[in-house]
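Chains, contacts and geometry: an overview
Spelled out, the chains give:
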Amino acid sequence: MDYYSQRINQLVEQLAQLPGVGSKTAQRLAFYLLAQPKEKVNRLADTIREAREHVCYCKECCTLTDRPVCNICADAKRNHRVIMVVENTRDLVAYEKTGKYDGVYHVLHGAISPMLGIGPGEIRLKELMTRLQGDVDEVIIATNSSLEGETTAMYISKLIKPTGIKVTRIASGVPVGGDLEYIDEMTLLRALEGRVEL
Ligand code: ZN
């Protein structure tokens, strides 16, 4: 039996599909939204629609951006011969916040996970290998220290080794299983500076 009217139910159901939102939170969010002025809710809806409409993958590094080539890839002052491989755009931002990395990035949008059925073809590896045909001195693998992140790092290093390009892995010290975005800047910098060649 439905306690709420149909439209409220639909809203709750949609919100409950968002990551980390259970049915209780979805109900709280739904009633919060319904209590807001219409203009405010419209603005939120428009922002979501426009972000989804205009945000795309950078042609170079595959990060999410609203330009064909992101600001970092378009910046001639960055060192385009050093590529840091991260799992997602949030991890890229975590390294950018340190302000100490002047290379460029490559965003995989995931990690290899045999458990979840995510193979090398499901992440942006092909795009990375294409980039390596240009002038590249070093690839820094900065995937998470989770099982998936380590599996991905191993896989990428094996793939790159035959090209002769230097492959390094950020130092451990980054908590196991910890998402990079939750780690403080000092820890990230130490991990970057202490990277070891694979
Ligand atoms: Zn880019």
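You'll find the structure just up there.
In this text, all values refer to a predicted model and were calculated from it rather than measured experimentally. (Residues numbered from 1 in each chain as written. Predicted model: local features only at pLDDT ≥ 70, side-chain atom pairs only at ≥ 80, totals over all residues. Heavy atoms only, no water.)

1. Focus: unusual backbone geometry
Where we set the bar: By the criteria applied, helices consist of DSSP H or I runs no shorter than four residues and strands consist of E runs no shorter than two, each listed in order from the N terminus. Exposure classes here rest on a 1.4 Å probe applied to the protein chains alone. A residue is buried below 20% of its type maximum, exposed above 50%, and partly exposed in between.
One non-glycine residue, cysteine 62, lies in positive phi territory at about 70 degrees. Along the chain, cysteine 62 turns up in the loop between β1 (56-57) and β2 (64-65). The residue histidine 109 is not glycine, and still its phi comes out positive at about 60 degrees. With respect to the helices and strands, histidine 109 occurs in the loop between β4 (103-107) and α6 (125-131). Take histidine 109: its relative accessible area is 26%, and that puts it in the partly exposed class.

2. Side note on the sheet that holds strand β7 (residues 196-197)
Going by this rule: Think of it this way: DSSP has to see at least two bridges between two strands before they count as a pair. Contact definition: two residues touch when any of their heavy atoms are within 4.5 Å. Angles run from 0 to 180 degrees between N-to-C directions of axes, and those axes are lines fitted to C-alpha atoms, restricted for helices to the stretch in contact.
Taken together, the five strands give an open sheet; going across it, the order is β4-β3-β5-β6-β7, and neighbouring strands pair in mixed fashion. Looking along the sheet, the strands with just one partner apiece sit at the ends: β4 and β7. Most of the contacts of helix α5 (residues 89-98) go to β4, to which it runs at about 160 degrees, and overall it touches β3 (79-86) and β4.

3. Focus: the pattern of salt bridges
Just so we agree on the cut-off: When a carboxyl oxygen of Asp or Glu lies within 4 Å of a side-chain nitrogen of Lys or Arg, that pair is called a salt bridge.
Scanning the model with the defined rule gives six salt bridges in all. The residue arginine 49 makes a salt bridge to aspartate 46 at a minimum N-O spacing of 2.5 Å. One end of the pair, arginine 49, and the other, aspartate 46, are both in helix α3 (residues 38-54), three residues apart, so they sit about a helical turn from each other. Put simply, arginine 169 and glutamate 150 hold a salt bridge, and the shortest N to O gap is 3.3 Å. Taken as a pair, arginine 169 in strand β6 (residues 166-169) and glutamate 150 in helix α7 (residues 147-160) lie far apart in primary sequence, 19 residues in all.

4. Quick look at the packing of helix α1 (residues 6-16) against helix α2 (residues 23-35)
Quick note on the threshold: For classification, angles of less than 35 degrees are called roughly parallel, those exceeding 145 degrees roughly antiparallel, those between 65 and 115 degrees roughly perpendicular, and all remaining angles oblique. Handedness of a helix crossing follows the sense of rotation of the near helix relative to the far helix, less than a right angle counterclockwise being left-handed and clockwise being right-handed. Gly counts as polar in this scheme, as do all residues outside two lists: the nonpolar Ala, Val, Leu, Ile, Met, Phe, Trp, Tyr, Cys and Pro, and the charged Asp, Glu, Lys and Arg.
Interaxial distance between α1 and α2 falls to 8 Å at its minimum, and their mutual angle equals 125 degrees. Here α1 lies oblique to α2, going by the angle between them. Crossing handedness for the pair α1 and α2: right-handed. Of the residues in α2, those touching α1 at Ile8, Leu11, Val12, Leu15 and Ala16 are Ala26, Gln27, Leu29, Ala30, Phe31, Leu33 and Leu34. Among the residues forming the contact of α1 with α2, the class breakdown is 11 nonpolar, one polar and no charged.

The values are spatial; any link to function lies outside them.
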